[in-house]
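Residue-level structural notes
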Amino acid sequence: MMSELVIQTRNLNKRYRGRSAVSNLNLEIAKGEIYGFLGPNGAGKTTTIRMLLGLIRPTEGSVQIFGKDLNKEKLNILRRVGSLVEYPSYYGHLTAVQNLETVRRILDVPRSRIDEVLDIVSLTKESKRAVKGYSLGMKQRLGIASALLGNPELLILDEPTNGLDPAGIQEIRELIREMPQRHGITVLVSSHLLGEIEQMASTVGIIREGEMVFQNTIQNLKDRASEGIRIVVSEPEEAIRVAMDQGFEGTMQQGMLQFPNLNDAQVALLVKRLVDSSHDVYRVEEKKKSLEDIFLQVIGEGGIS
Amino acid sequence: MMWGRVLSTDFIKIRGKGIWFLVFLGPIGLIAMQALNFGLRYDYLMEAYKEDVWGGLIVNIVIFIPMSLIMGITLLCSLMANVEHQTSSWKQLLALPVSRMTVFSAKFGLGVILLLVSCALLVLGTIALGLGLQLGTDIPYQDIVRFCFLPFIGTLPILALQLWLSLTYSNQAISVSMGITIAIASLFAAKYDEWVPMKWPNMALDGPHQIEAIVASLFVGFTVLLLGMAHFSRKDVA
Ligand SMILES: Nc1ncnc2c1ncn2[C@@H]1O[C@H](COP(=O)(O)OP(=O)(O)OP(=O)(O)O)[C@@H](O)[C@H]1O
Ligand SMILES: [Mg+2]
């Protein structure tokens with residue numbers, strides 16, 4: 001059932017002068033997946049990604065990519081990985097083509113690949129201009145182009161839509177979404193916005209203050225959008241007892257009755273019982289958390305209750 | 001070979017960064033200075049060096065070579081490193097399948113090549129100036145080549161050090177002030193003991209311990225290069 005893991009970290013830790021930036025992180029990313037790596041500013045996403053790319057050394061723990069230890073087979077692993085870390089890197093005085101050429105020579109891929117990736121990120125028209133004159137979004141595209149240059153099996157993109165306009169975001173999102181289907185590429189994409197990840201990721205990992213607080217499918221996260229029913233009555237304390245007697249698992253919060261996940265029949269029954277025991281039912285509401293609420297709850301409390 | 005490919009990317013990266021300008025400026029500056037010196041005091045100097053006019057010209061150039069080399073090394077390393085620091089390209093470059101040793105040593109190779117170009121230009125410039133000053137056609141090629149290239153070997157330890165400083169600390173004020181300090185200190189080379197590396201560019205020229213100085217420069221240069229590479233390979237990349 002467990003598919004092949006492309007990235008697996010064990011107890012990954014990074015401390016800066018005793019201050020923990022990432023702690024005990026166990027990342028698991030399966031082949032062909034789009035993994036959304038979420039967390040608020042300063043949560044440790046970039047730090048984790050730097051460790052995955054061998055740019056910084058973990059204080060503790062290990063990184064396995066393609067089933068190989070990053071420490072031992074770094075170059076073999078990196079040959080199969082394309083990356084974009086934080087804001088884009090580029091040589092401003094060179095054109096996009098020259099920039100890509102400096103990467104191409106190291107990757108040793110055919111020259112034609114440069115035109116292909118420029119086309120993929122729609123930069124062909126601007127490719128003969130010095131990159132320092134590019135807008136942030138264009139630089140970001142160039143960064144994605146160089147990440148794609150070596151035909152990677154794994155793409156690691158740290159906030160790739162940073163600085164892009166809505167159309168650009170849409171475009172990059174489409175691009176990322178088709179990676180697994182069209183090219184069999186596994187993607188790790190970080191963001192601090194769930195809404196952005198939601199539309200492309202199949203799995204999410206949520207990190208908060210360096211710790212993983214949720215790692216599962218996006219569907220699983222959605223299922224936890226604990227829909228519930230809220231009932232406002234005249235005498236809540238007695239009403240809750242009535243409900244409990246009928247076998248409804250409810251709680252009382254701020255003078256209102258809360259019931260998790262009731263179906264229509266159950267709601268009807270509960271209301272009937274309450275009315276029968278002469279409670280005034282003022283309101284029956286469905287409470288639905290948005291994904292964003294859950295995300296905020298997760299990063300706020302450090303876990304899902 | 002990977003090393004060659006990385007070096008070739010370094011040549012792309014230094015385009016239009018004033019690095020080639022510096023490579024030409026050094027030797028042209030030294031020659032222009034002597035053109036002025038000899039131009040203004042032609043009769044006096046021709047009289048003073050009448051035994052060996054070419055030798056006189058060479059001596060006047062040679063005394064400035066070590067300091068010019070050290071200044072050149074300082075600026076060159078800083079400019080080369082800045083290409084990567086400026087837009088923090090390290091994170092992209094070092095996430096590519098290339099060892100950090102290769103990246104570091106290719107930059108060293110680039111520095112050596114550029115400085116050799118400067119030395120070669122100085123040879124050509126010296127010959128051209130000598131001919132222009134009508135010092136005769138009995139050109140001491142061997143001496144000119146020796147004097148233009150041997151001090152360079154003596155500065156290899158400094159090249160390795162400056163490269164490491166420039167690549168390690170993105171704040172180039174650190175490496176540049178170090179380089180300038182060494183350059184100024186090298187002016188007083190005559191006063192130093194022979195084990196002081198700043199004396200080696202001069203010692204490598206001639207004198208009783210020339211061979212020792214050359215061997216020591218190569219050995220220490222290589223050692224500093226290895227230490228720099230070892231550190232660069234392990235450090236965290238911002
Ligand atoms: N070189 C460093 N020295 C000291 N502390 C660091 C260093 N790099 C990162 N940190 C700290 O580690 C923590 C995680 O930072 P990181 O950049 O990984 O966060 P992030 O999740 O990428 O945030 P953002 O969404 O803002 O990009 C922060 O508290 C940061 O201050
Ligand atoms: Mg970040």
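**Regarding empty space enclosed by the protein**
Counting across every chain of the model gives 5 cavities of 30 Å³ or more. As for the largest cavity, its lining consists of 14 residues, of which V81, G82, S83 and S146 of chain A together with L96 of chain B are closest to the centre. Secondary-structure elements contributing two or more residues to the lining of the largest cavity are strand 7 (81–84) and helix 5 (136–148) of chain A. Per-class residue counts for the lining of the largest cavity are 7 nonpolar, 6 polar and 1 charged.

**Considering the pattern of salt bridges**
Scanning the model with the defined rule gives 22 salt bridges over all chains in all. D236 of chain B is the salt-bridge partner of K14 of chain A, the closest N and O atoms lying 2.8 Å from each other. Here the residue K14 of chain A occupies a position in strand 1 (residues 5–16), and D236 of chain B occupies one in the segment after helix 12 (210–234), the pair thus bridging two chains. Overall, K14 of chain A belongs to the buried group, its relative accessible area being 6%. Salt-bridge contacts for R80 of chain A lead to E153 of chain A; the nearest nitrogen and oxygen are separated by 2.9 Å. With R80 of chain A in the loop between helix 2 (74–78) and strand 7 and E153 of chain A in the loop between helix 5 and strand 8 (154–158), the pair connects residues that are 73 residues apart, well separated along the chain. Look at E153 of chain A and you get partly exposed, because its relative accessible area is 34%. Within the structure, one salt-bridge network assembled from shared partners comprises E101, R104, R105 and R111 of chain A.

Each value, and the rule that gives it
- Residues numbered from 1 in each chain as written.
- Chains lettered and ligands numbered in written order.
- Predicted model: local features only at pLDDT ≥ 70, side-chain atom pairs only at ≥ 80, totals over all residues.
- Heavy atoms only, no water.
- 1 Å grid on protein atoms, 1.4 Å probe; cavity = no way out; pocket = protein on both sides within 12 Å on 5 of 7 lines; lining within 4 Å.
- Points joined across faces, edges and corners; volume = space filled by probe spheres on them.
- Helix = DSSP H or I, 4+ residues; strand = E, 2+ residues; numbered from the N terminus.
- Nonpolar A, V, L, I, M, F, W, Y, C, P; charged D, E, K, R; others polar.
- Salt bridge = Lys/Arg side-chain N within 4 Å of Asp/Glu carboxyl O.
- Buried < 20%, exposed > 50% of the residue type's maximum accessible area, 1.4 Å probe, protein only.

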